[in-house]
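Below, each chain spelled out in residue letters.
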Amino acid sequence: MNAFARDRPITIAILAIGGQGGGVLAEWLIELGERSGWYVQATSVPGVAQRTGATIYYLEMIPAADRIPVLAMMPAPGDVDVVIAAELMEAGRAIQRGLVSPDRTTLIASSHRAYGILEKTAPGDGRADSGKVAAIAGRQAKRFIAHDLQRLAEIHGSVISASLFGALAASGALPFPREAFEETIKGGGKGMAASLAAFSAGAEAVALGDRPPPEPVARSAKPEPRAIGGPESERAGFARAMGRVAAFPAGTQEMIATGLRHVVDFQDAAYGHLYLDRLDALLTLDRARGGDERDHELTRETAKYLATAMAYDDVIRVADLKTRASRFQRVRDEAGVAADQVVHVTEFMHPRAEEIAGMMPAGLGRWFESRPGLMRIIDRLFNKGRHLRTDGIVWFSVLYALAGLRKRRRALLRHAIEENHIERWLGRVRGAAAINYNLGVEVIRCRRLVKGYSDTRSRGEAKFDKVLSALPLLETRPDGADWIRRLREAALLDEDGKQLDGALKTVATL
């Protein structure tokens, strides 16, 4: 205790987003300090969820004396003793704000990742580098403690605030015994047993020794995919399709089998055979262009991106996924719901007029699309979107009926549009590969630009078309494949496509 005797307060900053229990952790610290005869002051500065960072809960505590101390309302850079981050990137944000200093700050963070909005909505792989943040934290903090405290909390049926509290107790950063921390949790009543278990797990993890976040654990072997359902004719058709996979080169079979299952799950076994027919045609070209010496990269990459292209996102697919029993079970699992608890699920649906027309027979859908006035009326009907309760019979039945339209999907406008797009893309692949094998591979990979539905898909298709518009200028150049790759990477850098526009101007000068 003498080591903590001081005239100035202990300063603590907690960074947590909604649902991570930052407020609970702050309340526990207030209770802990006051039980121990300390004066505690706490404030909070809300963030905007994952867009601009977490809510910052700030506490100052000092042994009680005859006079009431004057304490700060906000953390000051270079003047924080303990920073607790409920997620690794929040630790990084704390460092950016100057809250972590190498001469005084103990930084406690959970090493798991809760991906932010900007990471999820990036056109490409927008995930921040966790390793860099951990390395900087190790240098910037006086002491850096990082463990997967979220996982420990989940194992014990609690929330991360409890395991963070345990890590803080074991860190020795506060002058209170572990028993005082535990008594604070016991005073909370509800969920006490689970919280104490998570607290102990967090404390024991720290007691094992400080270390940086571990490398991601290698995934175990993939589980065997579930057997296809449906009538006997459908199961037999799928079995024949899987038998065809064995005729492809060994290095491509795993990717093709995965793509086949994805395509059949989207539509049916006949659609899976169409997928294999297209790959057969590409394999012939692949071998003619020396693919045997290149491990059939052209075929393998086509298997990957063709499956994604054929299993496109439409209203039927969305309705299908939202009404599957496995999806409701996943919601319950992720929410940590007990077997005897009722879950209410509300979906937000915001289809554009193009999605509505896409569900119509091709001829009727084109008729609607050729009449802008009708399309505007449809858009106005869904302008603000709709909140649908799929835990009830009415809207679940509506979505279930929409999912049933998959049987008629091949006759609908959206399918005709997608098939036309796929055939034009494969034609470009064949043309490019006939000139330059690597160029053909890069044209295949450009399909990653097209994903999602609604506005997201429209933006992706626009970028896809822009990138491939440079193909005539590049197909005869020895570095053409490299330039297509650069254009694709530029397209993935920003949503507005400014980087791509700049790269295209460069290509025009070649």
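Criteria and cut-off values
Residues numbered from 1 in each chain as written. Predicted model: local features only at pLDDT ≥ 70, side-chain atom pairs only at ≥ 80, totals over all residues. Heavy atoms only, no water. Helix = DSSP H or I, 4+ residues; strand = E, 2+ residues; numbered from the N terminus. Buried < 20%, exposed > 50% of the residue type's maximum accessible area, 1.4 Å probe, protein only. Polar contact = N/O pair within 3.5 Å; in protein donor to acceptor, adjacent residues only side chain to side chain. Phe/Tyr/Trp six-rings, centres within 6.5 Å; stacked < 30°, edge-to-face > 60°. Lys NZ or Arg CZ within 6 Å of the ring centre and 35° of its normal. Axes fitted to C-alpha atoms, helices over the stretch in contact; angles between N-to-C directions. Parallel < 35°, antiparallel > 145°, perpendicular 65-115°, else oblique. Left-handed = near helix turned anticlockwise from the far one by under 90°. Contact = heavy atoms within 4.5 Å. Nonpolar A, V, L, I, M, F, W, Y, C, P; charged D, E, K, R; others polar. Salt bridge = Lys/Arg side-chain N within 4 Å of Asp/Glu carboxyl O. Pairing = 2+ DSSP bridges. Right-handed = clockwise from strand over helix to strand, strands pointing away. pLDDT = per-residue confidence, 0-100. Patch = residues over 30% accessible without salt bridge, like charges linked within 9 Å, V, L, I, M, F, W, Y side chains within 5 Å. Areas by Shrake-Rupley, 256 points an atom, 1.4 Å probe, with all protein chains shown as cover. Expected span 1.5 Å × (residues − 1). Arc of directions from axis to C-beta.

This part is about the environment of glycine 480. With respect to the helices, strands and loops of the structure, glycine 480 is situated in helix 24 (residues 480-491). Given a relative accessible area of 0%, glycine 480 falls into the buried group. For the pair formed by glycine 480 and asparagine 436, sequence separation is 44 residues and the distance between their alpha carbons is 8.5 Å.

Okay, the environment of serine 458 next. Mapped onto the secondary structure, serine 458 falls in helix 22 (residues 454-469). Classification of serine 458 as partly exposed rests on a relative accessible area of 33%. In this structure the side chain of serine 458 is engaged in a polar contact, spanning 3.2 Å, whose partner is the side chain of arginine 352.

With that out of the way, let us pick up the packing of aromatic side chains. Across all of its chains, the model carries 10 aromatic pairs by this definition. Here the aromatic rings of phenylalanine 328 and phenylalanine 396 are separated by 6.1 Å at their centres, their planes lie at 55 degrees, and the arrangement is tilted. Residue phenylalanine 328 is found in helix 15 (residues 325-335), and its partner phenylalanine 396 is found in helix 19 (residues 393-403); the two are separated by 68 residues along the sequence. Three or more aromatic residues joined by ring pairs form one cluster here, namely Trp28, Phe165, Phe181 and Phe199. Lying over the aromatic face of phenylalanine 266, arginine 409 brings its terminal NZ or CZ to 3.8 Å of the ring centre. The aromatic ring of tryptophan 483 is capped on one face by arginine 486, whose charged end is 4.6 Å from the ring centroid.

Residue position: serine 111 is located in the loop between strand 5 (106-110) and helix 4 (117-121). You can call serine 111 buried: its relative accessible area is 15%. Separated by 3.2 Å, the side chain of serine 111 and the backbone nitrogen of aspartate 148 make a polar contact.

This part takes up the packing of helix 7 (residues 160-171) against helix 9 (residues 192-207). The relative placement of two packed helices is expressed as an angle between their axes plus a distance between the axes. Two elements in contact, helix 7 and helix 9, have axes separated by 6 Å at closest approach and are oriented at 40 degrees. One element, helix 7, and the other, helix 9, form an angle in the oblique class. As helix 7 runs across helix 9, the sense of the crossing is right-handed. Counting all contacts with helix 7, which are made through Ala162, Ser163, Phe165, Gly166, Ala167, Ala169, Ala170 and Ser171, the residues of helix 9 involved are Ser195, Ala198, Phe199, Gly202, Ala203 and Val206. Tallied by class, the residues present in the contact of helix 7 with helix 9 amount to nine nonpolar, five polar and no charged.

This brings us to the pattern of salt bridges. Side chains carrying opposite charge are able to pair once their charged atoms draw close together. This model, assessed by the stated rule, comprises 40 salt bridges. Note that aspartate 501 and lysine 466 form a salt bridge whose closest N and O atoms lie 2.9 Å from each other. Highlighted residues: aspartate 501 in helix 25 (residues 498-508) and lysine 466 in helix 22, separated in sequence by 35 residues. Between arginine 486 and aspartate 482 there is a salt bridge, and its shortest N-O distance comes to 2.8 Å.

Moving on to the pairing of strand 1 (residues 10-16). Counting buried positions over the seven residues of strand 1 gives seven, a clear majority of the element. Neither face of strand 1 is left uncovered, since the one carrying Ile10, Ile12, Ile14 and Ala16 and the one carrying Thr11, Ala13 and Leu15 both have all their residues buried. Pairing of strand 1 with strand 4 (residues 82-85), which is carried by four bridges, proceeds in the parallel orientation. Along strand 4, the bridge assignment pairs isoleucine 14 with isoleucine 84.

Next up on the list: the pairing of strand 5. Here is the key point about a regular strand: its side chains alternate between the two faces of the sheet. Here strand 5 lies mainly inside the structure; five of its five residues are buried. Alternating positions in strand 5 separate into two faces, Thr106, Ile108 and Ser110 on one and Leu107 and Ala109 on the other, with burial throughout. Across four bridges, the pairing between strand 4 and strand 5 is parallel. Pairing of valine 82 across the sheet is with threonine 106, part of strand 5. Note on the crossover from strand 4 through helix 3 (residues 88-96) to strand 5: the handedness is right-handed. Across five bridges, the pairing between strand 5 and strand 6 (residues 143-147) is parallel.

On to the sheet that holds strand 6, then. A sheet is described by the order of its strands in space; here six strands give the open sequence 2-3-1-4-5-6, paired in mixed fashion. Both outer strands of the open sheet, strand 2 (38-45) and strand 6, are each paired with one neighbouring strand and no more. When the angles between neighbouring strand axes are averaged without regard to direction, this sheet yields 15 degrees. Sitting on the sheet, helix 3 is in contact with strand 1, strand 4, strand 5 and strand 6, with an inclination near 150 degrees to strand 5.

Mapping aspartate 314 onto the fold places it in the loop between helix 13 (297-310) and helix 14 (315-322). Within the local environment of aspartate 314, its side chain forms a polar contact with the backbone nitrogen of arginine 317, the two atoms lying 2.7 Å apart. Residues within four places of aspartate 314 in sequence aside, it is in contact with Phe266, Arg409 and Arg414.

This part covers the confidence of the model for the chain. Taken as a whole, the chain shows an average pLDDT of 87; of its residues, 90% reach a score of 70 or greater. Confidence drops under a pLDDT of 50 for residues 1-5, and excluding neighbours within four residues, the segment shows six contacts in the predicted structure.

Residues Ile393, Val394, Trp395 and Val398 make up a contiguous nonpolar surface patch of roughly 390 Å² in combined accessible area. Structurally, isoleucine 393 is set in helix 19. Residue isoleucine 393 is classed as exposed on the basis of its relative accessible area of 65%.

Between its first and last C-alpha, helix 10 (residues 232-245) extends 20 Å over 14 residues, near the 20 Å set by a 1.5 Å rise per residue. For helix 10, the complete set of buried residues consists of Glu234, Gly237, Phe238, Ala241 and Val245. In an axial view of helix 10, the angular spread of the buried residues amounts to 100 degrees, which keeps them on one side of the axis. Helix 10 presents Glu232, Ser233 and Arg240 as exposed residues on the side facing more than 90 degrees away from its buried surface. On its buried face, helix 10 sits against helix 11 (250-266) and helix 12 (269-288).

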